[in-house]
Amino acid sequence: MSQPTAPTTVPDDVRAQASPPPSQASGGPDAAALDAVGPDVRGAGPVRGLGSARRVSARWGPGRWGPARWVIVRIRRLWHQLTSMRTALLLLFLLALAAVPGSLLPQRSLNPLKVEQYFRDHPSLAPALDRVSAFNVFGAPWFAAIYLLLFISLIGCLSARVRWHARALVGRPPRAPARPSRLTGGQTWDTALTPPEAIEAARVVLRRRRFRLAVAAEGATRPDGSPDFSVAAEKGYLRETGNLIFHIALVLMLVGVGLGSWFGYQGTVLVITGDGFANTLVSYDQFSRGRLVDPAGGLAPFSLTMEKFTASYQPTGQPADFRATVAYASGLREPTRVAEIRVNHPLAIGSAKIYLIGHGYAPHFVLRDAAGGVVWEGYQPCTPRDAMFTSTCTLKIGDTGLAPTGPTREPRQLAFSGVFTPTTELDRARGYVSTYPAANAPGLTLTGYVGNLHINEGIPQNVYSLDTRDMRQLRLNGPLGDDRAAQVLALNNPKQRTVTGLPGGMSLEADGVREFATFQTKSDPFKGWVLVAAIAIICGLLVSMRVRRRRVWVRARPAAGTGVGTGADAHAAAATIVEIGGLSRSDIDGFAAELRAIALDARAAMETDPRLVDSNKQEL
Amino acid sequence: MPVNSGLAALSDHFLGATMVVYALAMLGYAAEFAFGRFGRTSGAPAVEPVMSSPSSAGAARLTASERVPAMAGAGLGAAERSGEVDGGVDGGGVDGGGQGGPGAMTDPAAALAAAMAGDSEHPPGPAGVRWIGRIAVALTALGWLAQVGSVTARGFAAHRVPWGNMYEFSSMITLVAVSTYLVMLARTRARVRWLGVFVMFPVVLYLGFAGTVLYVAVGPLVPALNSYWLKIHVAAAIVASGVFMLSAVTTVLYLLKDRWENQLAAVAAGRAGASAAMRKRGGIMMRLPTAAVLDRITYRVIGLAFPIWTFAVIAGAIWAEAAWGRYWGWDPKETWSFITWVIYAAYLHARATAGWKGNRAAAISLLGFSALFVDYYLVNLVISGLHSYAGVN
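This is a predicted model, so every value here is computed, not measured. (Residues numbered from 1 in each chain as written. Chains lettered and ligands numbered in written order. Predicted model: local features only at pLDDT ≥ 70, side-chain atom pairs only at ≥ 80, totals over all residues. Heavy atoms only, no water.)

(A) A look at the state of the cysteines. Residue and element names in this part refer to chain A. Tallying each qualifying case throughout the model produces one disulfide over all chains. Disulfide pairing is shown between Cys382 and Cys393; the S-S distance is 2.0 Å. Here the disulfide of Cys382 and Cys393 is right-handed, its torsion about the S-S bond being about 105°. A residue pair is termed long-range when its members are at least 10 positions apart, and Cys382 in the loop between strand S12 (374-379) and strand S13 (383-384) and Cys393 in strand S14 (residues 391-397) qualify at eleven residues. By the burial criterion, Cys382 is buried, and Cys393 matches it. (Disulfide = S-S within 2.5 Å. Helix = DSSP H or I, 4+ residues; strand = E, 2+ residues; numbered from the N terminus. Buried < 20%, exposed > 50% of the residue type's maximum accessible area, 1.4 Å probe, protein only.)

(B) Quick peek at the packing of helix H7 (residues 166-187) of chain B against helix H9 (residues 229-268) of chain B. Residue and element names in this part refer to chain B. Close contact between H7 and H9 brings their axes to 9 Å; oriented N to C, the two are set at 55°. Considering the angle they form, H7 stands oblique to H9. In this structure, the crossing between H7 and H9 has a hand that is right-handed. When H7 is examined against H9, the residues Phe169, Met172, Ile173, Val176, Ala177 and Thr180 are found in contact with a partner set consisting of Val234, Ala237, Ile238, Val239, Ser241, Gly242, Met245 and Leu246. (Axes fitted to C-alpha atoms, helices over the stretch in contact; angles between N-to-C directions. Parallel < 35°, antiparallel > 145°, perpendicular 65-115°, else oblique. Left-handed = near helix turned anticlockwise from the far one by under 90°. Contact = heavy atoms within 4.5 Å.)

(C) View of unusual backbone geometry. Residues and elements named next belong to chain A. Even without being a glycine, Phe389 presents a positive backbone phi close to 60°. Mapped onto the secondary structure, Phe389 falls in the loop between S13 and S14. Assessed through its relative accessible area of 11%, Phe389 is described here as buried. The backbone of Asp483 shows a phi angle near 55°, a positive value even though the residue is not glycine. Tracing the chain through its elements places Asp483 in strand S21 (residues 481-484).

(D) The packing of helix H12 (residues 332-352) of chain B against helix H13 (residues 358-381) of chain B, seen in detail. Residues and elements named next belong to chain B. Where H12 meets H13, the axes come as close as 9 Å, and the angle between the chain directions of the two elements is 170°. The angle between H12 and H13 places the two elements in the roughly antiparallel class. Class assignment for the residues of the contact of H12 with H13 results in 16 nonpolar, five polar and three charged. (Nonpolar A, V, L, I, M, F, W, Y, C, P; charged D, E, K, R; others polar.)

(E) Focus on the nonpolar core. Ranked by internal contacts, the top residues of the largest apolar core, which has 128 residues, are Phe143 of chain A together with Tyr29, Trp194, Leu230, Ile238, Phe244 and Ile339 of chain B. Top contributing element to this core by residue count: helix H11 (residues 291-324) of chain B, with 18 residues. Val269, Tyr313, Ala324 and Val450 of chain A belong to the second largest nonpolar core, which has 53 residues in total. (Core = buried A, V, L, I, M, F, W, Y, C linked by side-chain atoms within 4.5 Å.)

(F) Molecular detail of the confidence of the model for chain A. Residue and element names in this part refer to chain A. Scored by pLDDT, chain A has a mean of 81; 85% of the residues are at 70 or more. Counting interchain partners and residues more than four positions distant, the pLDDT-below-50 stretch residues 562-572 has 13 contacts. A low-confidence stretch, residues 609-620 (pLDDT under 50), is modelled with 27 contacts involving residues beyond four sequence positions or located in other chains. (pLDDT = per-residue confidence, 0-100.)

(G) Main features of the sheet that holds strand S3 (residues 229-235) of chain A. Residue and element names in this part refer to chain A. Reading across from one edge, S1-S26-S25-S3-S2 is the order of the five strands in this open sheet, with antiparallel pairing throughout. Of all strands in the sheet, those bounded by a partner on one side alone are strand S1 (187-191) and strand S2 (212-215). Neighbour to neighbour, the strand axes of the sheet diverge by 15° on average, direction disregarded. Here strand S25 (residues 550-558) pairs with strand S26 (residues 576-584) via nine bridges, running antiparallel. (Pairing = 2+ DSSP bridges.)

(H) Representation of the pairing of strand S24 (residues 507-523) of chain A in the model. Residue and element names in this part refer to chain A. Of all 17 residues in S24, 14 are buried, a share of seventy percent or more. Where strand S4 (residues 265-272) meets S24, eight bridges bridge the pair, whose relative direction is antiparallel. Bridge pairing in S24 links Tyr265 to Ser523. Relative to S24, strand S11 (residues 352-368) runs antiparallel, the two being bridged by 16 bridges. Bridged to Phe365 within S24 is Ala510. By the bridge criterion, two bridges tie strand S23 (residues 498-499) to S24 in an arrangement that is antiparallel. Residue pairing across strands places Val499 opposite Leu508, the latter belonging to S24.

(I) Structural detail: the side chain of Glu240 of chain A. As for its position among the elements, Glu240 of chain A is in helix H12 (residues 237-263). The residues contacting Glu240 of chain A, other than those within four sequence positions of it, are Arg161, His165 and Arg549 of chain A.

Written out as structure tokens, the structure is:
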């Protein structure tokens, strides 16, 4: 990155074109011509460099203005350094580098469980990493610092370039250098036309090629006093326009992303078939919102019920299709409509969209007392853990009706931990496993506990994990026989789906299973804005990559007394010597061909004498 | 819809044939490239620089640029070659070249191809060696047909676009690379044949990897992929990756040639003697365009791929919005796409504005390709995320 070259405002490739080759330098180059080319090129190109900072300090130097001004100078110099291309490049590389840990370390925004796992695996390293926001890289202050600096640098650069481009759009192409033919690919020939006629002919040729033109005014003179017959032509302003659109759209996109995160919200909710939810804060299992969202009135007032969930699979068990049939009302007094939500096909209600992001199984449990009365019943969603939907179930029943025991009046609560297998088969090595994701032969391997779950003590618990510290494992009676630690229930067989032998003569039946779906509600009011910015980015990029900016100059001068041209006989009938040359900042090859074609056309237009003087390169 | 197993088997057979034919073609190109130099008709030995002073370098350059306009349709390589034969090692002869033709201005592919054309009407080498090269081109075309057959059969077998998993994606990337090469061959009347070995080597390697490690049987798409965005987003990613791959090839060639030119300059200036390695590899090195041309080709190829990549990323964001409810979530695949994009953006800025050329630009280009590699392989196979569709266990 650190480049020990002198500060310069002229990019290398332009300088290489504008300066004469060494062999010509020894022959005495037309310095005035090259000077004329130099500054114009700078004007066309981006002026991102330290050179401007140097000029500023010369103008606002401490000697003339005192210490207060000197501070301003320092600030302005800092500003110019920030907006220089080298800084921008450094920040770009830093941005790329800073994003790397976000993909290698688990991120809270993506998978908080993995972060917890990382903390368990690396107890000493993880807190240190956490202190530098390594588990929230993309929300980290240092990540924000990099992209904000980058965008400030970009805006600083853009403001100047928009001004220059506006000036270029209303202005005229820069005047022709003294000897355009000295530029790479330049040519010289002579014609019997007078210089004004030759320039007019060149003007017509360039006009036809849709160049923007500036013909030297009649009577204009060159610095040495001779009359100025020249035409300057420029084309490809769209390149810079596209470039500016691209960069401005980038800024607008960042603004849109920022506003979207302030005004957007998202919630995740698990819905068992037959159940539903309303779009309110309390309905969601997980909810996050932007700073400027009003949680009371800011959410679209819809409610939704999942009527049916259909999943189909390939014979191999690979999923083929998921769809949730839902009934929803988009407001309190709105009629109920039925819709289908599929993967890739969310349901849009107002500014919110509802996505189907997951599904699984929820067996139905009934806890009965010794008399057969229902103590508790409900569906318990199980967490899928493989592609065949082998799922982990955790059932916690706090209110069992059993009397507390012991001097501390410990509650006697029940808990069951199980593995649900939708298509159950007995594998010799691994026990009961699932061989297909559909619920063809639902089975449940169950173990039970009694004791204190600590669920009513004000400390939030994960409903999917069981803390058995103060619990005692039960011996269960059931399909596998009596007094066993684990039982296997077949949910479709009424005779094989009940465990007994629970404390107090209670029994637990798993009498069915329903599918659940996980929905995500997401609202981002600035999504459209970001999309428009993205389209502008592509368009601007394509234009700026495809269009080339180039300048062509034609200069004519009377042949007599110029001393140019070694073959005197070839000039006998010539009245005027015409030079053509041009510059393109990009695509050297394509421009060389274009310049040759223009020169050919121009020669044909001035053709009165077939004897042509060839390129002045050959004269050297 | 059930999988058509007959077509699936046909696709696999075609793939096997493709690999064999491509490998033969690669050997053919390699043979032509390696042995071609012994038939050079321009008497100057490969590493016997005539140049003794800077002024003669200038003379050589002028000779080169003078000659070029006279040879209609001659590629840059012609200028470069005459320059080198006459002893000019500064690569300056190239500036006088650039016979893109007027058509090249409107057609970047043709301009690119013309710029890459190594040699003009007389590819050096005895007739036998040239025939090997021609046979290699024929084999490439044959292999291309077989690969098109393989991809098409697979698409029909599964009733969907044939880029639904990593194996199919890899096959498509190589197909894009070979197609690009064949188009360039056609546009330049086989003047870019020198590139053959450099294209076919990674293609064969890649295809072999895809056919063995990444291979999965024909199957329907997982629901998450079942969207028309698969056609748009993945197709754009395939094309951009294929073109970026080409840019990595030209970058590596640039680095080789640049080193060679520096060594040659050192020899010419009397600072070093010509080593045995230089004598041995000289012919191969001199068949390549100058480092400056390779540098410019890389710039153009990346300039071509970058907007496509941008489009692929944005299309992916639109799809993610429809599928997952957010357009950007810093999933590992998204993160590495972003890193790739930023690095190539830095390359374009460095080249276009800061005027970085040569080794520094080449380093950024290779850095960008490494990020693309991570994005594609490591993210799919090692880092788990939402894009884990490889289907590889």
